[in-house]
Amino acid sequence: MSFLSTLFSGGDTVKAIGDTVDKLFTSDEERMEKQNEFMKANREYDYLENKLIAEQNTAQTEVNKVEAASSSLFVAGWRPAIGWVGALALFYQFILYPILGWVLVWFPTVHAPPVPNSEALYPLIMGMLGIGTLRSFDKLKGTDTKSLK
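Every value quoted in this text rests on a predicted model; they were computed, and no experiment measured them.

Asks: Give me the overall build of the chain: which residues, what numbers.
Replies: On a plain count of helices and strands, the chain comes out with six helices and zero strands. Listing the helices and strands of the chain from first to last along the sequence gives α-α-α-α-α-α. Here the chain holds 149 residues, and the buried ones make up 10% of them. Partitioning the contacts of the chain with sequence separation of at least 6, the portion at a separation of at least 24 is 42%. On the chain, roughly 12,200 Å² of surface is accessible, and the fraction owed to carbon and sulfur atoms is 66%.

And the structure:
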């Protein structure tokens with residue numbers, strides 16, 4: 001199998017490059033030198049990738065700060081809106097839906113309400129609850145986090 005077919009078929013890229021380097025250079029010194037160059041290039045790539053990710057995270061943090069400082073309901077209120085939608089979905093699933101099912105026993109001609117789909121709901125709610133603990137931490141520290149006036 002050639003180097004390109006190995007590379008594009010999803011094979012081990014590092015092994016394919018290493019095998020190609022082995023085939024191109026015959027002496028041990030040349031082989032070690034090229035492997036060192038490859039390792040340096042790989043380290044440089046990893047460094048630049050991590051640097052780019054760090055810059056993206058810093059930029060996103062700045063955007064989050066601006067959003068949180070806004071007094072507009074449409075800018076700073078989207079996180080609470082997701083929380084309220086989750087609370088309403090939980091209310092429907094665990095309170096309203098069972099009550100409707102129980103009441104409809106006496107009305108056999110009325111169709112039962114749709115069964116709630118919780119596959120997407122629970123990860124959203126668990127994520128919001130995990131994020132919600134940060135507000136408790138802010139309250140314990142006495143941090144002023146009022147962004148809506």
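Asks: Lay out the environment of Gly101 in plain terms, naming residues and giving numbers.
Replies: With respect to the helices and strands, Gly101 occurs in helix α5 (residues 78-103). Take Gly101: its relative accessible area is 36%, and that puts it in the partly exposed class.

Asks: Any details on the packing of aromatic side chains? Residues and values, ideally.
Replies: Under the criterion given, the structure shown has two aromatic pairs. Plain terms: the ring middles of Tyr92 and Tyr97 are 6.0 Å apart, the flat faces sit at 55° to each other, and that makes the pair tilted. Judged by relative accessible area, which is 24%, Tyr97 ranks as partly exposed. Here the aromatic rings of Trp102 and Trp106 are separated by 4.9 Å at their centres, their planes lie at 70°, and the arrangement is edge-to-face. According to the relative accessible area criterion, Trp102 is exposed, its value standing at 55%.

Rules used in this analysis
Residues numbered from 1 in each chain as written. Predicted model: local features only at pLDDT ≥ 70, side-chain atom pairs only at ≥ 80, totals over all residues. Heavy atoms only, no water. Helix = DSSP H or I, 4+ residues; strand = E, 2+ residues; numbered from the N terminus. Buried < 20%, exposed > 50% of the residue type's maximum accessible area, 1.4 Å probe, protein only. Contact = heavy atoms within 4.5 Å. Areas by Shrake-Rupley, 256 points an atom, 1.4 Å probe, with all protein chains shown as cover. Phe/Tyr/Trp six-rings, centres within 6.5 Å; stacked < 30°, edge-to-face > 60°.

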